Amino acid sequence: MKKLTVLLVLLAQPALANEGPFFSLKNPEFVVVIGFVLFLALLVYLKVPGLIGGMLDKRAEGIKSDLDEAKALREEAQTILASYERKQKEVQEQADRIVEAAKAEAEIAATQAKEDLKASIARRLAAADEQIASAQASAVKEVRDSAIAVAVAAAEDVIAKKLTAADGNALIEDSIKDVAAKLH
């Protein structure tokens, strides 16, 4: 690289356009070329190209490490995302199972409630039938008692009107004989 630079400096032809000798300190182009060559030599002596190359290498290594770290972080993020997606899927499946179980339990509870309601209605109907039968029996008894009371009252009225004292005494004696015969 150094040789190529020196060769290009020496072969520079724009200086030939100037009048007079090129290799003279009075020629401004020659002085600029010498200053430029000295500047390049100073840069090479101070190892500036090596420093610049080292800095570029260091920067390239930093960029490469940043890219490696970013790649590792990306892979880690993808792993975490996949893990969360699996967990979300598992939780969704569990939620679906819970909902299905709750529906099944609700159906069972509804069926049981219907059966309980039917049994309760049957018990209430039976109780109502018993109450109706009891009320009927009570009403029949009351009607019979009333009929008996009316019949006895009517018989008393009839007997009181038609029965004489002698007939009453004869009935009493017949009744005593009947009772005496049945007791012995």
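Our structure's up above, just so we're on the same page.
Residues numbered from 1 in each chain as written. Predicted model: local features only at pLDDT ≥ 70, side-chain atom pairs only at ≥ 80, totals over all residues. Heavy atoms only, no water.

**Student:** For this particular structure, what's the right way to read the overall build of the protein chain?
**Tutor:** Check the secondary structure of the protein chain and you find four helices and zero strands. Along its sequence from the N terminus, the protein chain presents helices and strands in the succession α-α-α-α. By the burial criterion, 4% of the 184 residues in the protein chain qualify as buried. Split by element, the accessible area of the protein chain, about 16,300 Å² in all, is 65% carbon and sulfur. (Helix = DSSP H or I, 4+ residues; strand = E, 2+ residues; numbered from the N terminus. Buried < 20%, exposed > 50% of the residue type's maximum accessible area, 1.4 Å probe, protein only. Areas by Shrake-Rupley, 256 points an atom, 1.4 Å probe, with all protein chains shown as cover.)

**Student:** What is the right way to read unusual backbone geometry from this model?
**Tutor:** Of all residues except glycine, most have a negative phi; of all peptide bonds, most are trans. Backbone geometry at lysine 47 places phi at a positive 60 degrees, although glycine is not the residue there. Tracing the backbone through its elements, the reader meets lysine 47 in the loop between α2 (28-45) and α3 (48-162). Take lysine 47: its relative accessible area is 60%, and that puts it in the exposed class.

**Student:** Looking at this structure, I do not really get a nonpolar patch on the surface. What am I missing?
**Tutor:** On the surface, Leu25, Val31, Ile34 and Leu38 cluster together to form a nonpolar patch covering roughly 380 Å² of accessible area. With respect to the element layout, leucine 38 can be found in helix α2. Given a relative accessible area of 57%, leucine 38 falls into the exposed group. (Patch = residues over 30% accessible without salt bridge, like charges linked within 9 Å, V, L, I, M, F, W, Y side chains within 5 Å. Salt bridge = Lys/Arg side-chain N within 4 Å of Asp/Glu carboxyl O.)

**Student:** Please clarify how α2 should be interpreted in this entry.
**Tutor:** At 3.6 residues per turn, the α-helix brings residues three or four places apart onto the same side. A rise of 1.5 Å per residue sets the reference length of α2, with its 18 residues, at 26 Å; its end C-alpha atoms lie 25 Å apart and thus fit the reference within 8%. The backbone nitrogen of glutamate 29 lies 3.3 Å from a side-chain oxygen of the residue at the head of α2, namely asparagine 27. Once α2 finishes, lysine 47 follows within two positions and takes phi at roughly 60 degrees, a positive value. (Expected span 1.5 Å × (residues − 1). Polar contact = N/O pair within 3.5 Å; in protein donor to acceptor, adjacent residues only side chain to side chain.)

**Student:** Even after reading the chapter, I still don't get the side chain of asparagine 27, so can you show me in this structure?
**Tutor:** If you trace the backbone, asparagine 27 turns up in the loop between α1 (2-10) and α2. Judged by relative accessible area, which is 4%, asparagine 27 ranks as buried. From its side chain, asparagine 27 meets the backbone nitrogen of glutamate 29 in a polar contact 3.3 Å long.

**Student:** Just to check I follow, could you spell out a negative patch on the surface for this structure?
**Tutor:** Together, Glu90, Glu93, Asp96 and Glu100 give the surface a local cluster of negative charge. Among the structural elements, glutamate 90 can be located in helix α3. (Lys, Arg positive; Asp, Glu negative; His and termini not counted. Charge placed at Lys NZ, Arg CZ, Asp CG, Glu CD.)

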